[in-house]
Amino acid sequence: MLRKETRANLKLIIVYFIVLNIVTFVVYGLDKHAAKNRWQRVPENVLLLLAFAGGTPAAYFARNYFRHKTIKRPFINRLRLILIVQICLLVLYILFAFRGQA
């Protein structure tokens, strides 16, 4: 059973990721809209930073949904690298968090 403060922290983390992914999806959509209308664009570094901060699922979903940033190879490679780093960090966390509990 999780302690009360652990449950509170877990809820906060879940809310953070939900809000961040919603924001990421919206920003990718706004950038696609700006691209279509030749308005000022969201810098790629901002899009990648949102993914790096935890919005990677929304970034991939938005890319497919809006058909945005699907051809630009440097962007795709950077986003892929962010995903790989996040997966590695998650695996390491799981390995260390549950070490010795079997």
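See the structure shown above.
Residues numbered from 1 in each chain as written. Predicted model: local features only at pLDDT ≥ 70, side-chain atom pairs only at ≥ 80, totals over all residues. Heavy atoms only, no water.

J.: Please clarify how helix 3 (residues 73-97) should be interpreted in this entry.
T.: Along an α-helix, residues three or four positions apart point the same way, because every turn accommodates 3.6 residues. Taking 1.5 Å of rise per residue, 25 residues should cover 36 Å, and helix 3 covers 36 Å from first to last C-alpha, within 8% of that figure. Considered for burial, the residues of helix 3 that qualify are Phe-75, Ile-76, Leu-79 and Ile-82. Buried residues along helix 3 sit against helix 1 (4-37) and helix 2 (44-66). (Helix = DSSP H or I, 4+ residues; strand = E, 2+ residues; numbered from the N terminus. Expected span 1.5 Å × (residues − 1). Buried < 20%, exposed > 50% of the residue type's maximum accessible area, 1.4 Å probe, protein only. Contact = heavy atoms within 4.5 Å.)

J.: Would you mind going over the packing of helix 2 against helix 3 with me for this structure?
T.: Helix-helix packing is described using two parameters, namely the angle between the two axes and the distance between the axes. Following both chains from N to C, one finds helix 2 and helix 3 inclined at 80°, their axes separated by 10 Å at the closest point. On the basis of their axis angle, the class for helix 2 and helix 3 is roughly perpendicular. Counted together, Glu-44, Leu-47, Leu-48, Ala-51, Phe-52, Gly-54, Thr-56, Ala-59, Tyr-60 and Arg-63 of helix 2 and Phe-75, Ile-76, Arg-78, Leu-79, Arg-80, Ile-82, Leu-83 and Gln-86 of helix 3 form the full contact between these two elements. Considering only residue class, the contact of helix 2 with helix 3 consists of eleven nonpolar, three polar and four charged. (Axes fitted to C-alpha atoms, helices over the stretch in contact; angles between N-to-C directions. Parallel < 35°, antiparallel > 145°, perpendicular 65-115°, else oblique. Nonpolar A, V, L, I, M, F, W, Y, C, P; charged D, E, K, R; others polar.)

J.: When you look at the packing of aromatic side chains in this model, what are you seeing that I'm missing?
T.: The relative placement of two aromatic rings is captured by the distance of their centres and the angle of their planes. If you walk through the whole model with that rule in mind, you get seven aromatic pairs. The interplanar angle of 85° and the centroid separation of 5.0 Å between the aromatic rings of Tyr-65 and Phe-66 together place this pair among those described as edge-to-face. Here a set of aromatic residues connected by ring pairs shows up, and it is made of Phe-25, Phe-61, Tyr-65 and Phe-66. Taking NZ or CZ as reference, Lys-69 lies 5.4 Å from the ring centre of Phe-75, over its face. (Phe/Tyr/Trp six-rings, centres within 6.5 Å; stacked < 30°, edge-to-face > 60°. Lys NZ or Arg CZ within 6 Å of the ring centre and 35° of its normal.)

Without other data, these values stay purely geometric and don't point to any function.
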